[in-house]
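Spelled out from the first residue to the last, the chains are:
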Amino acid sequence: SMQLPPDQQSFSSRKRCTVLGLNEYLRQELSSYAAAKNATRRRQVGNCHFLPNSRFVWTGEGRRACQFVLNHSTLEHDFDALMREHGLGIRYLDMSSHAQKLSSASLAAACKKLVPSDIDADNVRRMQRIYSDDFSRLGFWPWPGG
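Residues numbered from 1 in each chain as written. Predicted model: local features only at pLDDT ≥ 70, side-chain atom pairs only at ≥ 80, totals over all residues. Heavy atoms only, no water.

Peer 1: Just checking my understanding: could you explain the overall build of the chain for this structure?
Peer 2: Within the chain, the secondary structure is distributed over nine helices and zero strands. Looking at the chain as a whole, 24% of its 146 residues qualify as buried. Sequence-distant contacts, at least 24 apart, represent 47% of the contacts inside the chain between residues at least 6 apart. Accessible area of the chain: about 10500 Å², with a carbon and sulfur share of 55%. (Helix = DSSP H or I, 4+ residues; strand = E, 2+ residues; numbered from the N terminus. Buried < 20%, exposed > 50% of the residue type's maximum accessible area, 1.4 Å probe, protein only. Contact = heavy atoms within 4.5 Å. Areas by Shrake-Rupley, 256 points an atom, 1.4 Å probe, with all protein chains shown as cover.)

Written out as structure tokens, the structure is:
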């Protein structure tokens with residue numbers, strides 16, 4: 001794939017790490033996902049990153065295919081428990097420190113300023129429609145008091 005010059009890459013990334021950039025990106029990707037006419041097209045949006053988590057847990061017929069769900073709010077604990085269950089010595093802290101080394105520090109710092117309340121009401125409504133099964137079937141809501 002074609003790479004942007006470094007100065008354009010950082011501009012594009014920094015732009016997304018603003019409230020306006022975040023909401024424009026979400027509007028574009030969530031709208032593309034909602035407009036997709038079939039499962040293949042939905043998987044293509046954002047390279048599968050916008051697929052509801054429930055699609056990974058339940059089959060199209062409603063049968064639960066995945067028994068161990070990692071919840072973001074307890075990710076470290078859940079990940080470590082899954083690794084122990086399968087007799088693996090890998091721990092979350094090992095993985096997260098490796099991931100930190102791979103990420104861009106300047107991009108991470110800029111994006112850390114964004115919080116869930118920065119997502120505008122239109123995008124929240126889009127997410128409520130697209131991810132309704134995640135919220136109801138997986139028993140979590142992305143915002144406090146949601």
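Peer 1: In this structure, what is going on with the packing of aromatic side chains? I would like to understand it.
Peer 2: Any two aromatic rings considered together are summarised by their centre-to-centre distance and by the angle between their planes. Enumeration over the complete set of coordinates arrives at two aromatic pairs. Aromatic side chains Phe 79 and Tyr 92 sit 6.2 Å apart centroid to centroid with 70° between the ring planes, which places their arrangement in the edge-to-face category. With Phe 79 in helix α5 (residues 75-85) and Tyr 92 in helix α6 (residues 92-102), the pair connects residues that are 13 residues apart, well separated along the chain. Sitting over the face of the ring of Trp 58, Arg 137 holds its NZ or CZ atom 4.1 Å from the ring centroid. (Phe/Tyr/Trp six-rings, centres within 6.5 Å; stacked < 30°, edge-to-face > 60°. Lys NZ or Arg CZ within 6 Å of the ring centre and 35° of its normal.)

Peer 1: Can you walk me through helix α2 (residues 19-35) in this structure?
Peer 2: An α-helical turn contains 3.6 residues, so any two residues separated by three or four positions project in the same direction. With 17 residues, α2 extends 24 Å from end C-alpha to end C-alpha; this agrees with the ideal 24 Å at 1.5 Å per step. If you check which residues of α2 are buried, you get Gly 21, Leu 22, Asn 23, Leu 26, Glu 29, Leu 30 and Tyr 33. (Expected span 1.5 Å × (residues − 1).)

Peer 1: Looking at this structure, how should I read the environment of Ala 121?
Peer 2: Along the chain, Ala 121 falls in helix α8 (residues 121-130). On the basis of relative accessibility, which here comes to 45%, the residue Ala 121 falls in the partly exposed class.

Peer 1: Is there a simple way to think about the packing of α2 against α8 in this case?
Peer 2: Working note: a packed helix pair is described by the angle between its axes plus the distance between those axes. Here α2 crosses α8 at 35°, and the two axes come no closer than 10 Å. Crossing of α2 against α8: the hand is left-handed. Judged by residue contacts, Asn 23, Leu 26, Arg 27, Leu 30, Ser 31, Tyr 33 and Ala 34 of α2 engage Asn 123, Arg 126, Met 127 and Ile 130 from α8. Counted by class, the contact of α2 with α8 contains six nonpolar, three polar and two charged residues. (Axes fitted to C-alpha atoms, helices over the stretch in contact; angles between N-to-C directions. Left-handed = near helix turned anticlockwise from the far one by under 90°. Nonpolar A, V, L, I, M, F, W, Y, C, P; charged D, E, K, R; others polar.)

Peer 1: Would you take a moment to explain the confidence of the model for the chain for this structure?
Peer 2: Low-confidence regions, as indicated by low pLDDT, have predicted coordinates that should not be scrutinised in detail. Averaged over every residue, the pLDDT of the chain is 80; residues scoring 70 or more account for 74%. Note on residues 1-11: pLDDT is under 50 here. Beyond four places in sequence and across chains, it has two contacts. (pLDDT = per-residue confidence, 0-100.)

Peer 1: Would you take a moment to explain the nonpolar core for this structure?
Peer 2: As a rule of thumb, soluble globular proteins bury nonpolar side chains together. Counting 13 residues, the largest nonpolar core has Leu 26, Leu 30, Tyr 33, Phe 50, Ile 119, Met 127 and Tyr 131 as the members making the most contacts within it. Mapped onto this core, the elements with two or more residues apiece are α2 and α8. Per-element tally for this core: the top contributor is α2, with four residues. If near-sequence neighbours (up to four positions away) are discounted, Tyr 33 is found in contact with Arg 42, Val 45, Phe 50, Leu 51, Pro 52, Arg 55 and Ile 130. (Core = buried A, V, L, I, M, F, W, Y, C linked by side-chain atoms within 4.5 Å.)

Peer 1: How should the side chain of Arg 126 be read in this particular structure?
Peer 2: Mapped onto the secondary structure, Arg 126 falls in helix α8. Of the side chains with opposite charge, Asp 120 comes closest to the buried, unpaired Arg 126, at an N-O distance of 5.0 Å. Within polar-contact distance, the side chain of Arg 126 engages the side chain of Ser 31 at 3.4 Å. A distance of 3.1 Å separates polar atoms of two side chains, one belonging to Arg 126 and the other to Asn 123. Non-local contacts of Arg 126, meaning those with residues more than four positions away in its chain, are made with Arg 27, Leu 30 and Ser 31. (Lys, Arg positive; Asp, Glu negative; His and termini not counted. Salt bridge = Lys/Arg side-chain N within 4 Å of Asp/Glu carboxyl O. Polar contact = N/O pair within 3.5 Å; in protein donor to acceptor, adjacent residues only side chain to side chain.)

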